[in-house]
Number of protein chains: 2
Amino acid sequence: MNNKITKLFNIKYPIIQGGMIWCSGAKLAAAVSNAGGLGLIGAGSMYSEVLLAHIKKCKTLTDKPFGVNLPLLMGDAEEKINIILSEGVKIIFTSAGNPKTWTSYLKEKGMTVVHIVPGTKYGIKCEVAGVDAIVAEGFEAGGHNGREETTTMCLIPKITQEVSIPVIAAGGIGSGRALAAAFALGAEAVQIGSRFAACKESSAHENFKQKIIEAKEGETLLMLKKLAPVRLLSNEFAFEVYKQESTGASKDELNELLGKARAKKGMFEGDLQEGELEIGQVSSMITKLESAGEIVEEIWSEYMEVLKKIVLESKTEL
Amino acid sequence: MNNKITKLFNIKYPIIQGGMIWCSGAKLAAAVSNAGGLGLIGAGSMYSEVLLAHIKKCKTLTDKPFGVNLPLLMGDAEEKINIILSEGVKIIFTSAGNPKTWTSYLKEKGMTVVHIVPGTKYGIKCEVAGVDAIVAEGFEAGGHNGREETTTMCLIPKITQEVSIPVIAAGGIGSGRALAAAFALGAEAVQIGSRFAACKESSAHENFKQKIIEAKEGETLLMLKKLAPVRLLSNEFAFEVYKQESTGASKDELNELLGKARAKKGMFEGDLQEGELEIGQVSSMITKLESAGEIVEEIWSEYMEVLKKIVLESKTEL
């Protein structure tokens with residue numbers, strides 16, 4: 001495939017692996033990049049020295065392009081940016097923060113900059129800030145999410161209409177069918193989180209991977225909206241949040257309930273009841289543990305099949 | 001186009017106009033059917049004698065197939081079913097109730113029966129009950145909605161995998177792009193509500209149509225979850241619901257706040273502040289008042305364009 005995104009990153013397939021906390025280290029990023037997609041190291045759950053080690057490791061595991069995902073609101077964002085630059089990583093996906101803060105600096109240093117947004121008005125700000133592309137992420141996505149609850153189906157056609165830079169669709173995407181749908185809606189690529197979180201090269205705990213594979217439709221919910229909305233898989237912790245939110249718990253009460261390091265406990269240490277399990281609605285479609293390379297190939301071949309079927313049914317002379 | 005749904009209803013385009021309260025009378029249903037889609041009279045806001053009058057009127061306005069949407073939980077559902085049968089209407093879309101209750105009877109009478117569901121497990125029940133097709137409606141849809149909050153992007157691939165009867169996608173669909181996406185996800189047709197609610201032939205109040213046209217992304221929210229979840233456009237009433245829900249209002253308190261006939265007040269009488277304005281997220285993409293026929297033609301021609309573009313970019317030999 002040859003479009004704006006495959007050219008921007010110099011990759012074979014317009015498939016990007018989302019940078020996820022506790023799931024996406026060097027091993028996963030390199031596996032996705034080796035398979036022809038774009039792998040991202042998720043810096044959100046790494047201390048600076050851990051990030052440095054993962055970048056160094058990733059360079060030994062692949063000679064293909066890879067990037068780093070960095071939440072800008074982290075206290076040590078500047079330190080991490082310096083590491084990313086000094087290691088010669090050329091691609092950065094930023095999130096959770098203002099794209100204005102760092103984009104010009106990163107562009108001056110020769111980086112390709114992508115920012116992640118949950119709504120069109122934020123996408124317009126990204127274009128003004130000078131980013132190269134946008135990830136537009138819908139309500140169905142796992143983990144942290146926007147307050148407006150706009151779904152991928154509604155967000156992608158709107159944002160692609162309002163910005164001129166290329167858009168990468170995220171949220172609810174884990175198959176060739178969804179890739180075809182994303183293209184139809186106007187995106188030039190997809191970012192996939194959940195399906196890679198549950199794959200062999202993910203650094204998530206095996207318990208969590210198994211829980212994703214078993215997850216059924218309706219078992220995730222967007223919660224903690226008074227703090228920062230986050231999509232969680234149902235377990236004892238999520239049920240407690242649900243109960244407290246139903247009776248009008250305040251921000252402080254929710255913060256106390258949440259406590260510290262819940263995501264690590266669930267996703268990395270495998271505590272399925274008390275941990276915070278961040279995953280998308282598309283988990284209901286994930287049914288087996290595969291390698292990242294198998295996932296990329298499956299998605300692409302399913303995409304081609306779907307396209308052929310639609311064209312045949314539409315009886316068009318294309 | 002020639003697929004299971006166009007054959008089932010004997011229509012030209014796989015575009016179905018959702019049966020909506022206060023919006024879809026004979027005028028709208030006939031206009032959509034005359035344009036080559038399938039129009040539905042929305043019985044949910046009609047007394048039996050009003051429904052009878054609309055069916056009679058619709059027969060004078062079109063010789064194409066049209067149907068009736070009937071919420072099964074209405075107290076007078078049986079009476080309305082008798083009217084539908086005695087008037088010789090051949091297509092019924094049922095919702096808000098158990099598909100087992102009426103499907104066998106309606107099938108014996110020679111009707112084509114479609115049931116509307118917000119989740120895969122309900123779709124499986126529909127197939128067992130013997131319906132001819134399913135409308136699968138995502139979280140982004142306007143009006144009443146499921147508790148599991150599954151979006152169209154996640155619901156359609158899952159439900160089409162689990163049932164063998166054809167699936168009509170609904171929720172977030174108002175354009176040729178979204179139609180192409182729905183096909184990619186595995187649907188055989190789309191049901192469109194919001195865009196037809198705001199069209200010339202809709203019986204909605206002009207104030208409400210104008211409000212839909214002005215609606216921006218993020219201005220609808222799924223509310224009243226302790227009663228029956230419903231997607232509403234923001235106004236004074238919705239803000240009051242939001243405030244009370246944030247502080248843990250009970251079912252009784254919400255019922256009192258809601259009161260009676262709020263939807264009629266907003267959608268039919270045009271009280272934009274105190275009325276209940278049911279509309280989908282896709283309202284952010286609706287920008288002008290058009291006729292139903294213009295909408296059908298626009299959607300179909302955009303669909304063909306989108307398809308051509310994707311095929312070109314994929315460089316496939318189809």
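Residues numbered from 1 in each chain as written. Chains lettered and ligands numbered in written order. Predicted model: local features only at pLDDT ≥ 70, side-chain atom pairs only at ≥ 80, totals over all residues.

A. View of the sheet that holds strand β10 (residues 220-223) of chain B. Residues and elements named next belong to chain B. Taken in spatial order, the 3 strands of this open sheet run β7-β11-β10, and their pairing is antiparallel. The open sheet terminates on both sides in strands that have one partner only, identified here as β7 (143-144) and β10. Sheet topology note: the β7/strand β11 (residues 230-233) ladder contains 2 bridges and is antiparallel. Its bridge partner lying in β11, His 144 is registered against Val 230. Relative to β10, helix α11 (residues 236-246) is tilted by about 50°, and along the sheet it contacts β10 and β11. (Pairing = 2+ DSSP bridges. Helix = DSSP H or I, 4+ residues; strand = E, 2+ residues; numbered from the N terminus. Contact = placed C-beta atoms within 7 Å. Axes fitted to C-alpha atoms, helices over the stretch in contact; angles between N-to-C directions.)

B. Molecular detail of the domain arrangement of chain A. All names here are of chain A. Here the domain parsing of chain A yields domain 1 (4-204) and domain 2 (206-282). Using only C-alpha atoms to locate each centre, domain 1 and domain 2 end up separated by 23 Å. For the side of domain 1 that touches domain 2, the secondary-structure elements that each account for two or more residues are β7 (143-144) and α9 (194-197). Among the elements that make up the side of domain 1 that touches domain 2, the one with the highest residue count is α9 (3 residues). Residues belonging to the side of domain 1 that touches domain 2 are distributed by class as follows: 9 nonpolar, 12 polar and 3 charged. (Domains from an automatic or database assignment. Nonpolar A, V, L, I, M, F, W, Y, C, P; charged D, E, K, R; others polar.)

C. Focus on helix α2 (residues 26-34) of chain A. All names here are of chain A. The buried count for α2 comes to 7 of 9 residues, which makes it a mostly enclosed element. Along α2, the residues classified as buried are Ala 26, Leu 28, Ala 29, Ala 30, Ala 31, Val 32 and Ser 33. Where α2 is buried, its residues meet β1 (15-17), β2 (39-42), α3 (48-61), β3 (66-71), α9 and α14 (292-314). In the segment just after α2, Gly 36 is the residue with positive phi, at about 105°. (Buried ≥ 20, exposed ≤ 12 C-beta atoms within 10 Å, placed from the backbone.)

D. Representation of the pairing of strand β8 (residues 167-170) of chain B in the model. Residues and elements named next belong to chain B. Of the two faces of β8, the one carrying Val 167 and Ala 169 and the one carrying Ile 168 and Ala 170 are both buried. The pairing of strand β6 (residues 133-137) with β8 spans 4 bridges and is parallel. Following the sheet pairing, Ala 136 is matched in β8 by Ala 169. As judged from the 3 bridges shared by β8 and strand β9 (residues 189-192), these two strands associate in the parallel manner. Among the inter-strand pairings, Ile 168 is bridged to a residue of β9, identified as Ala 189. Each parallel crossover has a hand, and for β8 linked through helix α8 (residues 176-185) to β9 it is right-handed. (Right-handed = clockwise from strand over helix to strand, strands pointing away.)

E. Broad picture of the relation of the copies chain B and chain A. With an RMSD of 0.0 Å, the fit of chain B onto chain A corresponds to turning through 180° and sliding 0.0 Å along the axis. Put plainly, the chains are arranged around a two-fold axis. The residues that chain B uses at the interface reappear at the interface of chain A in 100% of cases, marking a shared surface. (Least-squares fit on C-alpha atoms with pLDDT ≥ 70 in both.)

F. Fine view of the interface of chain B and chain A. The partner chain A presents 48 residues to the 48 residues of chain B that form the contact. Elements represented by at least two residues in the side of chain B that touches chain A include exactly α7 (152-162), α8 and α14 (292-314) of chain B. When residues of the side of chain B that touches chain A are assigned to their parent elements, the largest contribution, 8 residues, is made by α14 of chain B. Class assignment for the residues of the side of chain B that touches chain A results in 20 nonpolar, 19 polar and 9 charged.

G. Representation of the packing of α2 of chain A against α3 of chain A. Residue and element names in this part refer to chain A. Look at α2 against α3: their axes get within 9 Å of each other, and the N-to-C directions meet at 35°. Of the two elements, α2 crosses α3, and the hand of that crossing is right-handed. When α2 is examined against α3, the residues Ala 26, Ala 29 and Ala 30 are found in contact with a partner set consisting of His 54, Lys 57, Cys 58 and Leu 61. In terms of residue class, the contact of α2 with α3 is built from 5 nonpolar, 1 polar and 1 charged. (Left-handed = near helix turned anticlockwise from the far one by under 90°.)

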